[in-house]
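Chain and residue survey
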There are 2 protein chains.
Amino acid sequence: MTQPIEGNNVPTLADVAKRANVSTATVSRCLNSPDRVVGETRERVLRAVQELGYAPNFGARALAAKQTNTVGAVIPTMENAVFARGLQAFQEELGRHGKTLLVASSAYSQKLEDEQVRALVARGADGLLLIGYDRNPDLYAFLKKRKVPTLVAWSFSAGQDRPAIGFDNRAAMAELARLVMGQGHRNIACITAPTEFNDRARERVFGIQAAMAEAGQDPDALLIVEKPYGIESGETAFREVMAAAPNTTAVMCANDVLAIGALRAAREMGITVPKDVSITGFDDIEIAMLAEPALTTVHVPHREMGRRAAGILIQMLREEDTRQCVELPTDIRLRQSLGPVKAA
Amino acid sequence: MTQPIEGNNVPTLADVAKRANVSTATVSRCLNSPDRVVGETRERVLRAVQELGYAPNFGARALAAKQTNTVGAVIPTMENAVFARGLQAFQEELGRHGKTLLVASSAYSQKLEDEQVRALVARGADGLLLIGYDRNPDLYAFLKKRKVPTLVAWSFSAGQDRPAIGFDNRAAMAELARLVMGQGHRNIACITAPTEFNDRARERVFGIQAAMAEAGQDPDALLIVEKPYGIESGETAFREVMAAAPNTTAVMCANDVLAIGALRAAREMGITVPKDVSITGFDDIEIAMLAEPALTTVHVPHREMGRRAAGILIQMLREEDTRQCVELPTDIRLRQSLGPVKAA
DNA sequence: GTTGAAAATGTAAGCGCTTACATATCACAA
DNA sequence: TTGTGATATGTAAGCGCTTACATTTTCAAC
């Protein structure tokens with residue numbers, strides 16, 4: 001009963017057409033626009049598809065239809081729970097719309113990101129998700145020339161005209177800084193990831209400074225220590241802070257992982273948190289609650305951002321000229337690591 | 001100086017050929033086998049490529065060359081630090097070899113995994129990385145028919161003949177169980193992720209039971225509570241254990257996240273770890289060290305596994321019939337959560 | 001200068017699908 | 001039965017690249 005496939009192992013559209021006694025166009029319609037084919041014909045075709053174990057050749061389809069149904073994302077690293085969480089939600093939503101995720105990582109290097117973006121475009125990504133605004137303008141020009149819809153996530157700025165979904169890093173951190181100062185803290189240090197080529201980190205630092213200026217504090221008095229993402233970096237940074245400014249009473253960290261490192265260093269140095277020094281984070285990833293004391297931090301809706309980013313990108317793929325800028329709210333999670341300034 | 005592109009916006013191979021005054025075959029050779037083209041011709045072509053901003057059409061290339069240079073991976077979730085870490089290393093290594101990663105997730109559902117695998121194959125994945133051995137044999141048959149090289153990771157079993165890179169989950173957990181029993185524990189419970197369709201979880205349970213049998217203990221006496229992956233699940237499971245068997249003195253968790261949950265529940269229940277009850281984990285992810293008390297667990301070289309998996313798959317893509325089974329070592333990380341059994 | 005072999009390049013078929021336009025079929029009204 | 005409009009299906013061009021085989025060029029030896 002099973003007809004031998006002529007000439008090769010992998011069934012093609014032509015094989016299905018022959019078996020179902022229709023043209024290849026009808027087979028294509030059955031698979032891609034089923035409502036344009038009557039029930040009887042359609043069932044005959046789908047039966048042939050199943051019997052032959054036919055699946056479309058991806059390259060041929062991409063070439064003919066001029067799309068791949070893949071969407072690329074370049075993130076700093078999947079090992080950062082922030083991106084892992086957001087990307088997971090992004091991928092799930094893409095999957096629901098029949099798109100597949102292409103992933104590359106940049107290790108927080110702008111040069112590597114540039115390369116990876118170009119590689120993803122070369123791989124035929126229909127659209128792209130990128131993290132933050134900072135990048136070489138040539139890259140944006142390249143993406144525009146190639147007509148690859150591109151969405152920026154994790155940042156939001158009213159001054160930018162690129163499609164984006166994110167939150168205002170500056171405003172969020174300023175709000176936390178106001179709470180810190182509300183607890184009486186004036187000697188504040190900031191531990192952050194490198195701010196060069198990283199608008200998210202930079203904006204968080206600016207947020208602290210803005211809140212200080214607003215409160216009549218000198219923003220230049222903010223001690224800033226930059227370290228790569230990592231718990232050990234946070235430990236090192238905290239030691240540097242306390243060595244450089246031993247009267248620091250609050251250390252605001254630009255992400256939770258650095259803050260966890262700071263907490264660990266404080267404990268090892270015999271510094272009590274928050275009695276001696278308060279420590280705050282940013283992101284509200286899982287370990288923020290698990291820390292001892294639990295971390296005061298900025299909660300960011302990473303999953304929602306990832307999910308909605310997928311929706312926006314899919315919309316962009318369907319229609320030209322969607323210029324969405326979506327701001328998501330953040331909120332402060334007050335926990336035990338922030339307390340009143342220690343009496344002098 | 002810049003010649004207008006005839007007819008369309010996006011330069012094609014033909015445009016480059018015309019500009020460089022060579023055939024399209026020569027352009028293709030310059031890009032793909034540069035050593036087969038003399039220097040002068042090659043430079044002329046590469047200049048034309050640059051001037052035109054040409055990049056190959058992915059679908060055309062995939063169709064003609066019968067490969068996409070993408071490799072797919074279906075993992076349970078990127079939010080599990082275990083997979084995030086391994087996948088990150090996998091992706092980095094693929095990138096070094098000019099391959100791009102296609103990612104899908106299965107939420108620990110076998111049915112969803114099946115669908116996602118087929119979707120990745122439909123997207124033209126040249127090869128596949130899958131997690132664990134357990135899956136519908138039809139899926140393996142499908143992959144074989146489509147000639148998609150497939151590598152299993154996170155599991156290793158000498159009885160399986162599929163290409164795989166992983167560790168012996170059973171032996172690793174048995175080793176930890178022997179240490180637990182070496183501390184005098186006889187009333188042992190096991191908290192695990194669901195074992196149906198999850199050989200890794202199942203083997204870890206079997207490992208405890210094997211060690212018990214070996215020590216003359218009744219393996220059926222092992223209290224087993226299955227819960228989905230998650231900290232809260234671990235909390236709930238621990239409560240169930242202590243309700244069902246209040247004289248339990250050791251709880252062995254099949255992953256660190258469940259163990260963290262168990263630690264939290266113990267604290268809330270006024271149970272001291274390890275004085276009253278010892279708790280162990282599996283995986284040695286970052287929070288194992290951060291926990292209070294720090295978790296005794298099985299260390300698994302996730303990054304190395306991911307990196308080497310990429311190497312193996314690339315090898316499989318280059319050569320037919322590579323049948324590698326690589327076992328990676330695990331080792332026990334003794335920390336404060338495991339102590340001697342409480343005197344009766 | 002001639003010859004032969006190796007290297008370099010060109011020609012053209014083909015990869016497998018989609019889809020614009022052409023043609024055939026169907027359903028219904030007169 | 002005929003005519004018309006709507007629906008269903010077929011024809012064939014084309015998407016842009018790779019590569020087997022053909023042809024041309026280069027180079028060394030005589």
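Model, not experiment: these values are computed from the prediction.

Cut-offs used in this document
- Residues numbered from 1 in each chain as written.
- Chains lettered and ligands numbered in written order.
- Predicted model: local features only at pLDDT ≥ 70, side-chain atom pairs only at ≥ 80, totals over all residues.
- Heavy atoms only, no water.
- Phe/Tyr/Trp six-rings, centres within 6.5 Å; stacked < 30°, edge-to-face > 60°.
- Lys NZ or Arg CZ within 6 Å of the ring centre and 35° of its normal.
- Axes fitted to C-alpha atoms, helices over the stretch in contact; angles between N-to-C directions.
- Helix = DSSP H or I, 4+ residues; strand = E, 2+ residues; numbered from the N terminus.
- Parallel < 35°, antiparallel > 145°, perpendicular 65-115°, else oblique.
- Left-handed = near helix turned anticlockwise from the far one by under 90°.
- Contact = heavy atoms within 4.5 Å.
- Nonpolar A, V, L, I, M, F, W, Y, C, P; charged D, E, K, R; others polar.
- Near = heavy atom within 4 Å.
- Polar contact = N/O pair within 3.5 Å; in protein donor to acceptor, adjacent residues only side chain to side chain.
- Core = buried A, V, L, I, M, F, W, Y, C linked by side-chain atoms within 4.5 Å.
- Buried < 20%, exposed > 50% of the residue type's maximum accessible area, 1.4 Å probe, protein only.
- Salt bridge = Lys/Arg side-chain N within 4 Å of Asp/Glu carboxyl O.
- Least-squares fit on C-alpha atoms with pLDDT ≥ 70 in both.
- Pairing = 2+ DSSP bridges.
- Domains from an automatic or database assignment.

**Some details on the packing of aromatic side chains**
- One pass over the full model with this rule turns up seven aromatic pairs over all chains.
- The cationic tip of Arg118 of chain A hangs over the ring face of Phe142 of chain A; the distance from NZ or CZ to the ring centre is 4.6 Å.
- Taking the ring centre of Tyr140 of chain B as reference, the NZ or CZ of Arg162 of chain B above it sits at 3.3 Å.

**Concerning the packing of helix 1 (residues 13-20) of chain B against helix 3 (residues 39-52) of chain B**
All names here are of chain B.
- Two elements in contact, helix 1 and helix 3, have axes whose closest approach is 9 Å; the angle formed by their N-to-C orientations is 125°. In terms of their interaxial angle, helix 1 and helix 3 are classed as oblique. Crossing of helix 1 against helix 3: the hand is right-handed. Where helix 1 abuts helix 3, its residues Asp15, Val16, Arg19 and Ala20 lie against Arg44, Val45, Ala48, Val49, Glu51 and Leu52.
- Its residues placed into classes, the contact of helix 1 with helix 3 shows six nonpolar, no polar and four charged.

**Side note on the protein's contact with DNA strand C**
- Around DNA strand C, 26 residues are found, and the nearest of them are Leu13 and Ser28 of chain A together with Thr26, Arg29 and Thr41 of chain B.
- Close to the protein, within 4 Å, the atoms of DNA strand C are drawn from sugar and phosphate at a rate of 66%.
- At 2.5 Å, a backbone N or O of Leu13 of chain A approaches a phosphate oxygen of DNA strand C.
- Within the contact set of DNA strand C, a base nitrogen lies 3.5 Å away from a backbone nitrogen or oxygen of Ala60 of chain A.
- Counting only elements with at least two residues in the surface near DNA strand C, the list comes to helix 2 (24-32) and helix 4 (58-65) of chain A together with helix 2 (24-32) and helix 4 (58-65) of chain B.
- For the surface near DNA strand C, the residue count by class is 14 nonpolar, eight polar and four charged.

**A short note on the protein's contact with DNA strand D**
- Surveying the vicinity of DNA strand D reveals 25 residues, the closest of which are Thr26, Arg29 and Thr41 of chain A together with Leu13 and Ser28 of chain B.
- Backbone atoms, meaning sugar plus phosphate, form 65% of the atoms of DNA strand D positioned within 4 Å of the protein.
- One of the side-chain N or O atoms of Thr26 of chain A is found 2.5 Å from a phosphate oxygen in DNA strand D.
- Ser28 of chain B has a polar side-chain atom sitting 2.3 Å from a phosphate oxygen of DNA strand D.
- Counting only elements with at least two residues in the surface near DNA strand D, the list comes to helix 2 and helix 4 of chain A together with helix 2 and helix 4 of chain B.
- Sorting elements by how many residues they give to the surface near DNA strand D places helix 4 of chain B first, with five residues.

**Topic: the nonpolar core**
- Of all hydrophobic cores here, the largest spans 150 residues; its most connected members are Phe90, Phe238 and Ile279 of chain A together with Phe90, Phe238 and Ile279 of chain B.
- Those residues in contact with Ile279 of chain B that sit more than four places away from it in its chain are Phe238, Val251, Cys253, Ala259, Ala262, Leu263, Ala266, Val273, Leu295, Thr296, Ser337 and Leu338 of chain B.
- Counting 26 residues, the second-largest nonpolar core is a separate cluster that includes Leu139, Phe142 and Val148 of chain A together with Leu128 of chain B.

**Some words on the packing of helix 6 (residues 110-122) of chain B against helix 7 (residues 137-145) of chain B**
All names here are of chain B.
- Between helix 6 and helix 7, the shortest axis-to-axis distance is 11 Å and the interhelical angle comes to 5°. In terms of their interaxial angle, helix 6 and helix 7 are classed as roughly parallel. Contacts between helix 6 and helix 7 involve Glu113, Asp114, Val117, Arg118 and Val121 from the first element and Asp138, Leu139, Phe142 and Leu143 from the second.
- For the contact of helix 6 with helix 7, the class distribution of residues is five nonpolar, no polar and four charged.

**Notes on the interface of chain A and chain B**
- Taken together, the contacts link 51 residues of chain A with 48 residues of chain B.
- For the pair chain A and chain B, the number of links is six salt bridges.
- The closest approach of N and O atoms between Arg303 of chain A and Glu79 of chain B, which form a salt bridge, is 2.7 Å.
- Looking at the side of chain A that touches chain B, the elements with two or more residues in it are helix 4, helix 5 (81-96), strand 2 (100-105), helix 6 (110-122), helix 11 (256-268) and helix 12 (286-290) of chain A.
- Across the side of chain A that touches chain B, the residue classes tally to 23 nonpolar, 15 polar and 13 charged.

**Things to note about the relation of the copies chain A and chain B**
- Once chain A has been moved 0.1 Å along the axis and rotated by 180°, it coincides with chain B to within an RMSD of 0.1 Å. Taken together, the rotation angle and the small translation identify this as a two-fold axis.
- When you check the interface residues of chain A against chain B, 94% turn up at the interface there too, and the contact is symmetric in its surfaces.

**Digging into the environment of Arg123 of chain B**
- As for its position among the elements, Arg123 of chain B is in the loop between helix 6 and strand 3 (127-131).
- What makes Arg123 of chain B buried here is its relative accessible area of 13%.
- In sequence terms Arg123 of chain B and Ser28 of chain B are 95 residues apart; their C-alpha atoms lie 24 Å from each other.
- Setting aside residues up to four positions removed in sequence, Arg123 of chain B forms contacts with Phe58, Thr68, Asn69, Thr70, Gly98, Lys99 and Thr100 of chain A together with Leu102 of chain B.

**A few points about the sheet that holds strand 8 (residues 250-253) of chain B**
Residues and elements named next belong to chain B.
- If you trace the four strands from one edge of the open sheet to the other, you get 7-6-8-9, paired in parallel fashion. Looking along the sheet, the strands with just one partner apiece sit at the ends: strand 7 (223-226) and strand 9 (278-280). The sheet shows a mean angle of 15° between the axes of neighbouring strands, direction not considered.
- Both strand 6 (residues 188-192) and strand 7 contribute to a ladder of four bridges, which runs parallel. Opposite Ile191, over in strand 7, you have Val225 as the bridge partner.
- Along the sheet, helix 11 (residues 256-268) contacts strand 6, strand 8 and strand 9; its crossing angle with strand 9, the most-contacted strand, is approximately 160°.

**Things to note about unusual backbone geometry**
- In this structure, Pro274 of chain A follows Val273 of chain A across a cis peptide bond, with omega equal to 0°.
- Tracing the backbone shows Pro274 of chain A in the loop between helix 11 and strand 9 (278-280).
- Unusually for a residue other than glycine, Asn21 of chain B sits at a positive phi of about 60°.
- Here Asn21 of chain B lies in the loop between helix 1 and helix 2.
- Among the residues examined, Asn21 of chain B registers a relative accessible area of 68% and is labelled exposed.
- The backbone phi angle of Phe197 of chain B is positive, close to 60°, even though this residue is not glycine.
- Tracing the backbone through its elements, the reader meets Phe197 of chain B in the loop between strand 6 and helix 9 (199-214).

**Here we look at the domain arrangement of chain A**
- We note that the domain assignment places domain 1 (13-64), domain 2 (68-167 + 302-329) and domain 3 (169-300) within chain A.
- The straight-line distance from the C-alpha centre of domain 1 of chain A to that of domain 3 of chain A is 59 Å.

**Overview of the side chain of Thr70 of chain B**
- By secondary structure assignment, the location of Thr70 of chain B is in strand 1 (residues 70-75).
- Of the polar contacts made by the side chain of Thr70 of chain B, one reaches the side chain of Thr68 of chain B; its length is 2.6 Å.
- Residues in contact with Thr70 of chain B, not counting those within four places in the same chain, are Leu102 and Arg123 of chain A together with Thr100, Leu102, Gly124, Ala125, Asp126 and Gly127 of chain B.

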